[in-house]
Protein chains: 2
Amino acid sequence: MKLTNKGRYAVMAMADLASNAKDGPISLTEISLRQNISLAYLEQIFLKLKNNKLVRSSRGANGGYVLEKPASEIKLSNIIYAVDEEVKTLNCKKNSKRGCNNKSTKCITHNLWDQLDQHIIGFFEKVKLQDLAKLG
Amino acid sequence: MKLTNKGRYAVMAMADLASNAKDGPISLTEISLRQNISLAYLEQIFLKLKNNKLVRSSRGANGGYVLEKPASEIKLSNIIYAVDEEVKTLNCKKNSKRGCNNKSTKCITHNLWDQLDQHIIGFFEKVKLQDLAKLG
DNA sequence: AGGAATTCCTACTATTTTAGTAGGGATTAA
DNA sequence: TTAATCCCTACTAAAATAGTAGGAATTCCT
Ligand code: FES
Ligand code: FES
């Protein structure tokens, strides 16, 4: 089980944004340098963060991004979800009639994975961007 | 974030073993049919389960596998660990001096992922093979 | 006005991981 | 002796991830 770089980067970048807040917006170049993440990759990630209303952008020279909401109101689950990192422990389609074994009943472990999902989602729901400073 | 088939299969197969216990050992062919998992793939998985002392094998005709310990004493973490499904949320090497950002300090999110690890491992530690019957 | 910095967007490629196949050897029950 | 079964390793195919590339649009600054 793993969490991919995209999700990690997204959280790192958001944390960077939160903790390096200044007057104007923060450019991806800055974040790229501080966090050692490829600029082009960051751009892709921020596109999604923006579409999910987690950051606001300003274009042009001196442009960049700022958090759309206070760090205390942004849950990690929001970030993870925004970049398509799904918590996906189930094998079968959630709403399919068929189980992962292709039979009409759910497999013996189905409920287990379902519970694990809840467990992990719970974690991401509980932690706010703001908490990262305390953790770190 | 996802859990891979190998881990799922391992748990399924162990659960199958536990709930279909009979007099003699259970062959992989049986499990393969019941759980709809390729036989050759199951063989690979059971090799690991055996090396980790979770099952015992008997070879030859009518051979197969039995649980090495009662289902109440087998933790899911044992199974997951046996088949190399690691809970791996950290990016950096656990014992490396360098962070995932290749700097000498840990990145802002390091502790977060560390906590998530603990959270997930905790789940797997808590659930026993036996509990699967109740969940299912 | 012109150039530099920056976001925006899409498409492509490379790398890594996962999933699964293949094949042959060893062992044992009937 | 034969069929069923485990044992073991190597290979291949498919999918997911990570990252690159390139160009358009916008805005600031001189
Ligand atoms: S995970 Fe849903 S049926 Fe197996
Ligand atoms: S995850 Fe350990 S330093 Fe970033």
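Quick notes on the rules
Residues numbered from 1 in each chain as written. Chains lettered and ligands numbered in written order. Predicted model: local features only at pLDDT ≥ 70, side-chain atom pairs only at ≥ 80, totals over all residues. Heavy atoms only, no water. Helix = DSSP H or I, 4+ residues; strand = E, 2+ residues; numbered from the N terminus. Rg over C-alpha atoms; globule rule 2.2 N^0.38 Å. Buried < 20%, exposed > 50% of the residue type's maximum accessible area, 1.4 Å probe, protein only. Areas by Shrake-Rupley, 256 points an atom, 1.4 Å probe, with all protein chains shown as cover. Lys, Arg positive; Asp, Glu negative; His and termini not counted. Charge placed at Lys NZ, Arg CZ, Asp CG, Glu CD. Least-squares fit on C-alpha atoms with pLDDT ≥ 70 in both. Contact = heavy atoms within 4.5 Å. Core = buried A, V, L, I, M, F, W, Y, C linked by side-chain atoms within 4.5 Å. Expected span 1.5 Å × (residues − 1). Phe/Tyr/Trp six-rings, centres within 6.5 Å; stacked < 30°, edge-to-face > 60°. Near = heavy atom within 4 Å. Polar contact = N/O pair within 3.5 Å; in protein donor to acceptor, adjacent residues only side chain to side chain. Nonpolar A, V, L, I, M, F, W, Y, C, P; charged D, E, K, R; others polar. Axes fitted to C-alpha atoms, helices over the stretch in contact; angles between N-to-C directions. Parallel < 35°, antiparallel > 145°, perpendicular 65-115°, else oblique. Left-handed = near helix turned anticlockwise from the far one by under 90°. Buried area = accessible area lost by both parts, 1.4 Å probe. Salt bridge = Lys/Arg side-chain N within 4 Å of Asp/Glu carboxyl O.

1. Structural notes on the overall build of chain A
Across its full length, chain A holds six helices and two strands. Secondary structure elements of chain A occur, N-terminal to C-terminal, as α-α-α-β-β-α-α-α. By the compact-globule yardstick of 14 Å for 136 residues, chain A is too spread out, its C-alpha radius of gyration being 18 Å. With the C-alpha coordinates aligned to their principal axes, the bounding extent of chain A is approximately 60 × 30 × 25 Å. When the 136 residues of chain A are sorted by exposure, 43% land in the buried category. For chain A, the accessible area works out to roughly 7,100 Å², and carbon and sulfur atoms hold 49% of it. Taking the average place of the 22 positive charges on the side chains of chain A and the average place of its 13 negative ones, the gap between the two points comes to 8 Å.

2. Examining the relation of the copies chain A and chain B
Superposing chain A onto chain B takes a rotation of 180 degrees plus a shift of 0.0 Å along the axis, which leaves an RMSD of 0.1 Å. Taken together, these values place the two copies in the relation of a two-fold axis. Mapped onto chain B, 98% of the interface residues of chain A are again interface residues, and the two copies thus contact each other with one and the same surface.

3. Considerations on the nonpolar core
Core analysis: the largest hydrophobic core is formed by 82 residues, its most contacted members being Phe46(A), Leu49(A), Ile79(A), Phe46(B), Leu49(B) and Ile79(B). Ignoring sequence-local partners within four residues, the contact set of Leu49(A) consists of Met14(A), Leu54(A), Val55(A), Ile79(A), Ala82(A) and Val83(A).

4. Section: helix α1 (residues 5–19) of chain B
Residue and element names in this part refer to chain B. With 15 residues, α1 extends 20 Å from end C-alpha to end C-alpha; this agrees with the ideal 21 Å at 1.5 Å per step. When you tally the buried positions in α1, you get 11 out of 15 residues, the bulk of the element. The set of residues buried in α1 consists of Gly7, Arg8, Tyr9, Ala10, Val11, Met12, Ala13, Met14, Ala15, Asp16 and Leu17.

5. Quick look at the packing of aromatic side chains
Residues and elements named next belong to chain B. What the rule picks out here adds up to six aromatic pairs over all chains. A ring pair is formed by phenylalanine 123 and phenylalanine 124, whose centres lie 5.9 Å apart and whose planes are at 70 degrees; its orientation type is edge-to-face. Residue class for phenylalanine 123 comes out buried when judged on its relative accessible area of 5%.

6. Things to note about the protein's contact with DNA strand D
Not every one of the 28 residues close to DNA strand D is listed here, only the nearest: Asn5(A), Gln44(A), Asn62(A), Ser57(B) and Tyr65(B). When atoms of DNA strand D within 4 Å of the protein are sorted by moiety, sugar and phosphate together comprise 69%. Within the contact set of DNA strand D, a base nitrogen lies 3.1 Å away from a side-chain nitrogen or oxygen of Arg59(A). Tyr65(B) places a polar side-chain atom, nitrogen or oxygen, 2.5 Å from a phosphate oxygen of DNA strand D. Mapped by element, the contributors of at least two residues to the surface near DNA strand D are α1 (5–19) and α3 (39–51) of chain A together with α2 (28–35), α3 (39–51), β1 (55–58) and β2 (64–67) of chain B. In terms of residues, the surface near DNA strand D owes the most to one element, α3(B), which gives four residues. Looking at the surface near DNA strand D residue by residue, the class counts come to eight nonpolar, 15 polar and five charged.

7. Re the protein's contact with DNA strand C
Near DNA strand C there are 27 residues, and of these Leu28(A), Ser57(A), Tyr65(A), Asn5(B) and Gln44(B) occur at the shortest range. Gln44(B) is positioned such that a nitrogen or oxygen atom in its side chain is 2.3 Å from a base oxygen of DNA strand C. Note that a base nitrogen of DNA strand C is positioned 3.2 Å from one of the side-chain N or O atoms of Arg59(B). When contributions to the surface near DNA strand C are tallied by element, the ones reaching two or more residues are α3, β1 (55–58) and β2 (64–67) of chain A together with α1 and α3 of chain B. The element contributing the most residues to the surface near DNA strand C is α3(A), with four residues.

8. Some remarks on the packing of α1(A) against helix α2 (residues 28–35) of chain A
Residues and elements named next belong to chain A. Axis separation between α1 and α2 bottoms out at 10 Å; the angle between their running directions is 110 degrees. Here α1 is positioned roughly perpendicular relative to α2, judged by the angle of their axes. Once α1 is placed against α2, the crossing between them reads as right-handed. Contact residues: Met12, Ala13, Asp16 and Leu17 in α1; Ile31, Arg34 and Gln35 in α2.

9. Observations regarding the interface of chain A and chain B
With 43 residues of chain A at the contact, the number on the chain B side is 42 residues. Interface area for chain A against chain B, summed over the two sides, is near 3,900 Å², with a carbon-plus-sulfur share of 64%. Joining chain A to chain B, the criterion identifies zero salt bridges. Connecting chain A to chain B are five residue pairs in polar contact (both at pLDDT 80 or more). For the side of chain A that touches chain B, the secondary-structure elements that each account for two or more residues are α1, α2, α4 (76–82), α5 (110–126) and α6 (131–135) of chain A. The leading source of residues in the side of chain A that touches chain B is α5(A), at 10 residues. For the side of chain A that touches chain B, the residue count by class is 22 nonpolar, 12 polar and nine charged.

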